[in-house]
Amino acid sequence: MNHRPSWRGYHSSLWHGVPLLALLAAGCALLPASAKLPAATPTVAPVPAVPTGEWQAAKAATLAAINAARADAGLGPVAWDATLERVGDAFCAALLAEAGLGHVAADGVPPYLRALLAGENGFHRENVASYDSSAGVDLEEVEGIALVMLASMLAETPPDDGHRRTILEPTATHLGVGVAVLGGSVRVAHEMSSRGAVAWRPPTLVVRPFDAARLGGRLARPWRPTGVEVLWEPLPEPRAPGTPPVRTYAYPPVRSFTSGSTSGLGPLGFTRPDDAASLKLDGDAFTFVWKAGAGPGVETIVVWARRNASERALTPIASAATVVTPDGTLPPALQKWAALRTP
């Protein structure tokens, strides 16, 4: 006997405004199985880029509905991004292959790192939703399922409105929607980015311990770079079979915050031969130089900015990742996501 279909949504709702604090995510949502599919797809002004992978109709409808919701909230539209689409598609496919749920597949790689490895340079957020039914899913139903997921997220109310806050993040600029379908199961991911760089010189993707690393770029007006955080975490480890889904996630702990030319590095449990880091600011341009940590791990670099000199709050507007390994080679679990980079 077929069971009633159901879906679960997992979101990233990231606090931002002041550096030196972990950026947290929390909560999940459940859509009633009796929810009706929408009769029509909302329309908004076209954006320059469009979905190019599979399930284009579902992705385009989701983009249109998100931009309609943002317009209703007085926010600007997000543009379609092919890199975020590839990341979302690959992640949703991995979840389905494992019959998985949540933000992290069996390889243990967190959402922001998947995006950064693939070449993203904005500050990343993610919503994930799943739909499962033993009755199977008609191809024509996928668009409606994706829109029902989105409608439920937008209907959330505080304080349990993380999906909604991710969709309506004021600084968000780009979106990629991932979709995967297998039998009666559907996985959908909203890969959102607040992308403020108009010129970008990323650091080397993989380095050895204590190697010098360099990041540079220029931010779009009115953003002005103010400081750079280095976050640190161990290399991802595979998740054990039967591990509960990752329903929420957080960015890794802060190892350092550097403002201007002032060094802000701290040891965070390992010894460093040189505590120097340098951040050079020139209007909307910046150059950051630092040394990688003493052992294997992932260093996520977040660029914080202000819109004007009188604004007190800082906003994360660009990011990058450098992987530290003893031999300077990228672990296989991370190579999969780096392979999504455009040539």
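How each quantity is defined
- Residues numbered from 1 in each chain as written.
- Predicted model: local features only at pLDDT ≥ 70, side-chain atom pairs only at ≥ 80, totals over all residues.
- Heavy atoms only, no water.
- Pairing = 2+ DSSP bridges.
- Helix = DSSP H or I, 4+ residues; strand = E, 2+ residues; numbered from the N terminus.
- Axes fitted to C-alpha atoms, helices over the stretch in contact; angles between N-to-C directions.
- Phe/Tyr/Trp six-rings, centres within 6.5 Å; stacked < 30°, edge-to-face > 60°.
- Buried < 20%, exposed > 50% of the residue type's maximum accessible area, 1.4 Å probe, protein only.
- Lys NZ or Arg CZ within 6 Å of the ring centre and 35° of its normal.
- Core = buried A, V, L, I, M, F, W, Y, C linked by side-chain atoms within 4.5 Å.
- Salt bridge = Lys/Arg side-chain N within 4 Å of Asp/Glu carboxyl O.
- Expected span 1.5 Å × (residues − 1).
- Contact = heavy atoms within 4.5 Å.
- Parallel < 35°, antiparallel > 145°, perpendicular 65-115°, else oblique.
- Left-handed = near helix turned anticlockwise from the far one by under 90°.
- Nonpolar A, V, L, I, M, F, W, Y, C, P; charged D, E, K, R; others polar.

Looking now at the sheet that holds strand 13 (residues 285–291). Spatially, four strands are ordered 7-9-13-12 in an open sheet, and the strand pairing comes out antiparallel. In this open sheet, the two edge strands, each paired with only one partner strand, are strand 7 (197–201) and strand 12 (278–282). Adjacent strand axes in the sheet meet at a mean angle of 15 degrees when their direction is disregarded.

Scanning the model with the defined rule gives five aromatic pairs in all. A centroid spacing of 4.4 Å and a plane angle of 25 degrees characterise the contact between Tyr112 and Tyr251, whose relative ring orientation is stacked. Residue Tyr112 is located in helix 3 (residues 111–117), and its partner Tyr251 is located in the loop between strand 10 (224–233) and strand 11 (254–259); the two are separated by 139 residues in the primary sequence. Of the two residues examined, Tyr112 and Tyr251, each falls in the buried class. Connected via pairs of aromatic rings, a cluster forms that spans Tyr112, Phe123, Tyr249 and Tyr251. The side chain of Arg114 reaches across the aromatic face of Phe91, ending 3.6 Å from its centre.

The next point concerns the nonpolar core. Of all hydrophobic cores here, the largest spans 37 residues; its most connected members are Leu113, Leu117, Leu334 and Trp337. Of all the secondary structure elements, the ones that give two or more residues to this core are helix 2 (82–97), helix 3, strand 4 (123–132), strand 11, strand 14 (297–306), strand 15 (315–324) and helix 6 (332–338). One finds Ala65, Ala69, Leu150 and Met153 within the second-largest nonpolar core, a separate group that totals 27 residues.

This part takes up the pattern of salt bridges. In this structure the tally under the stated criterion is eleven salt bridges. With its nearest N and O atoms 3.9 Å apart, the salt bridge here joins Asp161 to Arg164. The exposure class of Asp161 is buried, given its relative accessible area of 4%. Judged by its relative accessible area of 30%, Arg164 falls in the partly exposed class.

One open sheet holds the five strands; their spatial order is 8-15-14-10-11, and the pairing between them is mixed. Strands at the two margins of the open sheet, each flanked by one partner only, are strand 8 (206–207) and strand 11.

Turning our attention to unusual backbone geometry. Of note, the amide linkage connecting Pro158 to Pro159 takes the cis form, showing an omega dihedral of 5 degrees. Take Pro159: it is sitting in the loop between helix 4 (142–154) and helix 5 (162–167). Cis geometry marks the peptide bond from Arg221 to Pro222, where omega comes out at 10 degrees. By the element assignment, Pro222 lies in the loop between strand 9 (212–219) and strand 10. Of note, the phi angle at Ala99 is positive, near 55 degrees, even though the residue is not glycine. Looking at the element boundaries, Ala99 is found in the loop between helix 2 and helix 3. Of the residues examined, Ala99 reaches a relative accessible area of 65% and is grouped as exposed.

Attention now moves to helix 1 (residues 56–72). Helix length check: helix 1 (17 residues) gives 24 Å between terminal C-alpha atoms against 24 Å at 1.5 Å per residue, within 8%. Burial within helix 1 is extensive, with twelve of its 17 residues counted as buried. Lining the buried residues of helix 1 we find strand 3 (79–80), helix 2, helix 4, helix 5, strand 5 (174–182) and strand 6 (185–194). Looking one or two residues beyond helix 1, the residue adopting positive phi is Gly74, at roughly 80 degrees.

We now examine the packing of helix 1 against helix 4. One way to put it is that helix 1 packs onto helix 4 with a least axis distance of 8 Å and a crossing angle of 25 degrees. On the basis of their axis angle, the class for helix 1 and helix 4 is roughly parallel. Between helix 1 and helix 4 lies a crossing of right-handed hand. Two secondary-structure elements touch here, helix 1 through Ala57, Ala58, Ala61, Thr62, Ala65, Ile66 and Ala69 and helix 4 through Val142, Glu143, Ala146, Leu147, Leu150 and Leu154. The class makeup of the residues in the contact of helix 1 with helix 4 is eleven nonpolar, one polar and one charged.

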